[in-house]
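This is what each chain is made of:
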There are 4 protein chains.
Amino acid sequence: MKLVIIGGGSSYTPEIIEGVIDRHHQFPVTELVLVDIEDGKEKLNIIGALAQRMIEKSGVSIQLSWTLNRQEALMNADFVTTQIRVGGLAARAKDERIPLKHGLIGQETNGAGGIFKAFRTIPVLMEICNDISEICPNAWLINFTNPAGIVTEALLKYSAHKKVIGVCNIPFNMKHSVAEIMGCNPEEVEIEFIGINHFVFGSKVLIRGEDKTDQVLAKLSNSELNYSPANIVSLGWKKEFIESIKLLPNPYHQYYFQTDEVLKKDIKAFHENGTRAEIVQQVERELFQKYQDPNLQVKPKELEKRGGAYYSHAACSLMASIYNNKGDIQTVNIQNHGAISDLPFDCVIEVNAVITKDGPKPVTIGRLPKQVKAVIQQMKGFEELVVEAAVTGDYSLAYASMIMNPLVRNESKAKAVLDELLEAHREYLPQFH
Amino acid sequence: MKLVIIGGGSSYTPEIIEGVIDRHHQFPVTELVLVDIEDGKEKLNIIGALAQRMIEKSGVSIQLSWTLNRQEALMNADFVTTQIRVGGLAARAKDERIPLKHGLIGQETNGAGGIFKAFRTIPVLMEICNDISEICPNAWLINFTNPAGIVTEALLKYSAHKKVIGVCNIPFNMKHSVAEIMGCNPEEVEIEFIGINHFVFGSKVLIRGEDKTDQVLAKLSNSELNYSPANIVSLGWKKEFIESIKLLPNPYHQYYFQTDEVLKKDIKAFHENGTRAEIVQQVERELFQKYQDPNLQVKPKELEKRGGAYYSHAACSLMASIYNNKGDIQTVNIQNHGAISDLPFDCVIEVNAVITKDGPKPVTIGRLPKQVKAVIQQMKGFEELVVEAAVTGDYSLAYASMIMNPLVRNESKAKAVLDELLEAHREYLPQFH
Amino acid sequence: MKLVIIGGGSSYTPEIIEGVIDRHHQFPVTELVLVDIEDGKEKLNIIGALAQRMIEKSGVSIQLSWTLNRQEALMNADFVTTQIRVGGLAARAKDERIPLKHGLIGQETNGAGGIFKAFRTIPVLMEICNDISEICPNAWLINFTNPAGIVTEALLKYSAHKKVIGVCNIPFNMKHSVAEIMGCNPEEVEIEFIGINHFVFGSKVLIRGEDKTDQVLAKLSNSELNYSPANIVSLGWKKEFIESIKLLPNPYHQYYFQTDEVLKKDIKAFHENGTRAEIVQQVERELFQKYQDPNLQVKPKELEKRGGAYYSHAACSLMASIYNNKGDIQTVNIQNHGAISDLPFDCVIEVNAVITKDGPKPVTIGRLPKQVKAVIQQMKGFEELVVEAAVTGDYSLAYASMIMNPLVRNESKAKAVLDELLEAHREYLPQFH
Amino acid sequence: MKLVIIGGGSSYTPEIIEGVIDRHHQFPVTELVLVDIEDGKEKLNIIGALAQRMIEKSGVSIQLSWTLNRQEALMNADFVTTQIRVGGLAARAKDERIPLKHGLIGQETNGAGGIFKAFRTIPVLMEICNDISEICPNAWLINFTNPAGIVTEALLKYSAHKKVIGVCNIPFNMKHSVAEIMGCNPEEVEIEFIGINHFVFGSKVLIRGEDKTDQVLAKLSNSELNYSPANIVSLGWKKEFIESIKLLPNPYHQYYFQTDEVLKKDIKAFHENGTRAEIVQQVERELFQKYQDPNLQVKPKELEKRGGAYYSHAACSLMASIYNNKGDIQTVNIQNHGAISDLPFDCVIEVNAVITKDGPKPVTIGRLPKQVKAVIQQMKGFEELVVEAAVTGDYSLAYASMIMNPLVRNESKAKAVLDELLEAHREYLPQFH
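Keep in mind it's a predicted model, so treat the numbers as computed, not measured.

What counts as what
Residues numbered from 1 in each chain as written. Chains lettered and ligands numbered in written order. Predicted model: local features only at pLDDT ≥ 70, side-chain atom pairs only at ≥ 80, totals over all residues. Contact = placed C-beta atoms within 7 Å. Helix = DSSP H or I, 4+ residues; strand = E, 2+ residues; numbered from the N terminus. Nonpolar A, V, L, I, M, F, W, Y, C, P; charged D, E, K, R; others polar. Pairing = 2+ DSSP bridges. Axes fitted to C-alpha atoms, helices over the stretch in contact; angles between N-to-C directions. Least-squares fit on C-alpha atoms with pLDDT ≥ 70 in both. pLDDT = per-residue confidence, 0-100.

With that settled, consider the interface of chain B and chain A. Listed by partner, the interface residues are 23 residues for chain B and 23 residues for chain A. Among the secondary structure elements, those contributing two or more residues to the side of chain B that touches chain A are β9 (210-211), β10 (328-335), β11 (348-356) and β12 (359-362) of chain B.

Right, dumping it as structure tokens:
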């Protein structure tokens, strides 16, 4: 069984290597190829060597290689993962810095920054998908490149390859947070997720099959629990907010319902430490220094600071369940197909799905909860514009997506930020130029 | 844990008793009550005594009782099953005989006979549901009274109790038939079911997770396989039919696509042996004679002739999975909620669902296959009329349901059959009189 | 303003010529071209000459010509009408004769015959549409070639030209019948039509704006009114049928709800006079003899026997309203777009529409009446299969359409009739061979 | 024919009196009753006397009366209009002042102020509707009380009376603006409206039936045209905005896409002149002084300053078309019923409808334009929460509606503004207390 990791030179790769090693008894990868591009060659070599040491130490039988030749790597692949960052952290810094200059949150998932991350990423992933569909058409592509929901929607709507699943660690993190709140094991927690990537809500929380939603919401609205993963700010929720929506929010919701406060915090943080991208660049430099240590044979603890905890867990669980036709429930980004009646049939949602060898089958949800239907529909309508703009390179659609974004909306700022970002990222946006 | 069997005096009861005994390790019933009505008192006593002997022989620790007092029986129930026949086999004989007289198939599921079985059954089950919702509101009602889909739709739309699941053995039988065809174990077979009770198709067949639909359909259209359970006639399918619909039909489909041939066979059989109801009456008499034998301590082999094989298996599997929050896939009759986009949101469909302590969650299907959308929508539109007519007792709706039935359609025959059946079943149809 | 009549050699043409002459004050056609194919040359010459005499007699200023060169005729056209019969009446005779042989009604709209009329017609009209879209893209195509609903759906889904409107005289005839029943002027009657071509119901009848539905239905179910146009048989409706569906049926509904009786009548008529096609052939021969009379300067009375009364009225009214941006309500066959919520978005329905220069805008209907939802959805599902089979030439789809037809359904007969008709019409069905 | 004006003491009433007089030839009102409440007695007397003078001067034969007894007034009514302001302009001042204090636009249609206008108005109009449904069930209620869309939705969903039509002058104003831009007569302009009250877009502009959308949008995005009615601020649109959405915005859209700029202007205006409500109070005082002048026999010019121009025109046109079964197109607020596929079936939209004696029939639109689907769905989702909160008095729903409002969104501000307004309007919000 062959696994190909595209973006193999990423600082995250040791996580997924660890995941593959740990699951080898149930997900027996025999061939593992790390792929990257010319610009990432040096990093790829460092990661490749570390991965080799990790595999050797573990004693599992995996044949590892690393290469810049994607087409060759894809031959006979069973699974492909993508974790790429077109333009690198320097591009992310612009995604954050430019909106902030105009008084907007420079958010890399569903904000102005996320729009441009999508614009840069989608054309590259379209190419990768077309390669897969020609070279290894039976392979599953597990995409955890952000904005994962938007990117996956673009691929499933417009690429030749239809075996694509988007993965995010937020649902996993939410289960962990609930387990913390309720003092139980994360494996005992089930959440009915409703919505879309980075904008998903939990409509029901079950502990060992029993509905404990009310208790969890009560604790959440009463306590001072630190309910947030490492990589995003968190300000806690008003008791009345939780009582009113009667749903479990995810940490990204603060961008939309506490915009003023987050913006203030972001601006302050920016003046003290620069953008998140710039902080991460420093973390990365330190990480790669560690990775180069020939004595390092395991994933270093410091990687956790990087955020994205459980990403690799989510991806490896998913691939193992597909491989074993396990039929368990995991939360993935796939096409709606009616699971949520009031979202478009072919859009991508983040949904609990039965994971089988034949792919993920979404569990039917029905209608969106009335309390949040307005904003979920708005966000999805916005995302559909981003997808179409990314694929067509149409300026009008790009502008429409910017102005429909709930964190932008202002026609003047939308134009200013759009034009500045289009210029700043010119080299990565051939479709617009 | 307490299980209540309503219609406990049924000849089928030994099946479910056997199922409960066999699954005791994973579904540990501690209290079991058989309930019936005054008219069924004698049979109830026979079944009660046999069940007692079966339990004793098995050595499992279940406290058994039988009673005519339904309300008392329902106290503290966790699960309730219903297998009732309002008017008994005598009524079924009329359901079959009267349509046949007018040249129509007297079919007890979705034909003219089924309409009247629904009319007689729904008011009684509405009362039962209202009792449950007052006396044991947390109990799950597992309904396998036919027409199971129509009855379950009536209960979920109009009764006070919403924890109702309809069960049929057809999906189970289809898996067994596929296992036979493919020479594998039924547990290894998964079928994606699409449609409604007694009119369900298999859109995908997987063996150990691999898609084998084409092979199964090829075998089905080429061979002389006896692809049918014991209780319905079967004539085999034209190669072109299977190639054209590209779906696995169920044995009841012959009523709709081989109507002339089935009718001819039914008329011939009727002249030789009377209606199916009359044959079954004879089988029942013999069964109850067996059941009375104080040496009989197990379900007698002869019960299998009665049809309905695997009904008890389907019901016991379902209850065990709910009890254990198992999360496996079973095929049940529950509300659509968007699982099939082109059927009404609140209608009942027969669908693969994830079975949990929190109830069954339908797996999303998407759109109906274009080849059979016409007839599935037609059948569901017909069923909705039957449900509303049964609940309101409205003559116009009853007539509309009769004329919209795909086996009736003729306005004159519809009227003749309707009026004759309304008269024949007068005592069981208070809502119409 | 230029009008092109494709199928100009049809015996119906004098009707439309009369319509154009009568409406010249509000619909001032200046150029009129009759187009036909080589096989119809002789008839075209007869019709052309008659039309010339009619125009001269009327004194209106229209420049008439007739030609076999379609492309040339289409230059600068504003309106195009199509009334073609691929294979002529000889083909229709086969459409009727072959099903009848197998005990099926050989019906040329939505029956087995209609399927093949669609298969023969759609490819030819696709070519015409492609011509129009290249040569005169702003022209409206008014299609009254049967089965008008199915043909129009094929063109709007698959051809390059989107300005297509299907027209049928049934809604017009129904208004006339209501006027007769109610003793008022047809112009005072409005009917809310619901459904699809040849399967349309009236859900509301208004006389001078007042809702008189109940009175009309009461008269309809009580009286012996001769409620039917000349060209189809009619048997009257059961009081209970009308009371139950609470809708105004159209005369074609007898094929579906009085199938046995119509079949009996058809077989009897066939043995006495041959098929309807053969009767019509005789009528046509007589008509063309009349048409050749150089003294004939008006549409002869005998044309009315031919059926299709008001077809020309429907077409001319429609063109006049478009031309004048009149904004009145007419009943046309156009894409649904949500007007009926429980039919597919892009299918063609027969619906009241506001007629403007910008085209027809369907009036929103909402949900189908529950009494007939089953059969309307069935019929539309069947039609979608016919359209796709006609366009692709796929045998499986053709067979699926035949078996899903409410007048066929039997898998054996479906196959026999399908194969025989495919063979009989071989020369006109290149897509299948 | 009897017309009842509820809120007859409104300063707007002379407008509608003028409209009724001017249209008397085609809309022959014979009896006209002005109704108001105790608090409005004095104003009602002034308006009554003025109306009497206007009628006398015109010479039309209308019997006028005014009363505080609503039930009596409604006897035998054919049409009822409502133009009420629960709590008067003092309440409006609070609706504007309190949000502004928290940095939010105090907008009386779909902003925080509008939520509370709906909360105060809906219970009163529910009572009126229940009266109508008992006293004069055949009467049409023409509602132009704001927020007209939300109020009409509440009445059509929850009141006993279903003959309710909401009217707004915005569509009419937009036609006038287009006529100005294009230098033509307003009667020659047709606009395809898409969306909901105060949030409606024009998707197509036709002049004398010809599609001139591109020209209108080009002029709109290029020029400095004063494109706005008197009663709302207007800042003009960015060329790119118009090019991007490809739709005609309405003046209220500036609140959503130019929020920062409008807010700045509002705050400045507030500091200079107080709220709009306070300006209007001054205008009203002056108007009533004029109205008292016994020599005044016509609507004074000054009324136009009051805003709401064409409201009376819209209402009178609508009533005249219903009365005459005219079948013309007018833009009204009625239930969707599928006219827009991606909005809820039973919600109220602002839509072109065919106006008949049998009521308005919405013209089918199909899908929302992708450019603005996000925000229209969001706004409607918000409105549904307002309606349900207004009817139930549920605090959680009220808070949810406030936070889902596109001009609020912030959870802290939402709570502060909500609590303060609930307190400020306590006497008019019995359902919440």
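With that settled, the discussion passes to the interface of chain A and chain D. Each partner contributes residues to the interface: chain A has 32 residues there, and chain D has 32 residues. Only α9 (239-245), α10 (254-257), α11 (259-273), α14 (370-392), α15 (395-404) and α16 (411-424) of chain A provide two or more residues apiece to the side of chain A that touches chain D. No other element matches α14(A), which puts 11 residues into the side of chain A that touches chain D. Taken together, the residues of the side of chain A that touches chain D sort by class into 12 nonpolar, 10 polar and 10 charged.

Residue and element names in this part refer to chain D. If you trace the 3 strands from one edge of the open sheet to the other, you get β7-β8-β9, paired in antiparallel fashion. The open sheet terminates on both sides in strands that have one partner only, identified here as β7 (189-196) and β9 (210-211). Running over the sheet, helix α14 (residues 373-392) touches β7 and β8 (199-207) and is turned about 60 degrees from β7.

A word on the relation of the copies chain A and chain D. One chain copy maps onto the other through a rotation about an axis and a shift parallel to that axis. The transformation that overlays chain A on chain D combines an axial shift of 0.0 Å with a rotation of 180 degrees, and the residual RMSD is 0.0 Å. Expressed as a symmetry operation, the mapping of one chain copy onto the other fits a two-fold axis. Measuring from the rotation axis to each C-alpha of chain A, the shortest distance belongs to Q378(A), at 2.7 Å. Comparing contact sets, 100% of the residues at the interface of chain A also lie at the interface in chain D, consistent with an isologous, same-surface contact.

Interpreting fine coordinate detail is not advised for predicted regions of low pLDDT. All names here are of chain A. For chain A, the average pLDDT comes to 93, and 96% of its residues sit at 70 or higher. Within the model, the stretch residues 229-233 combines pLDDT values under 50 with 14 contacts to residues more than four positions away or in other chains. Quick note on the complex model: pTM equals 0.96, ipTM equals 0.95.

All names here are of chain A. Spatially, the 3 strands line up as an open sheet ordered β7-β8-β9, and their pairing is antiparallel. Of all the strands in the sheet, the pair left with one neighbour each is β7 (189-196) and β9 (210-211). Both strand β8 (residues 199-207) and β9 contribute to a ladder of 2 bridges, which runs antiparallel. Looking at β9, one finds that L206 is bridged to D211. Of the strands in this sheet, β7 and β8 are in contact with helix α7 (residues 170-182), which crosses β7 at around 140 degrees.

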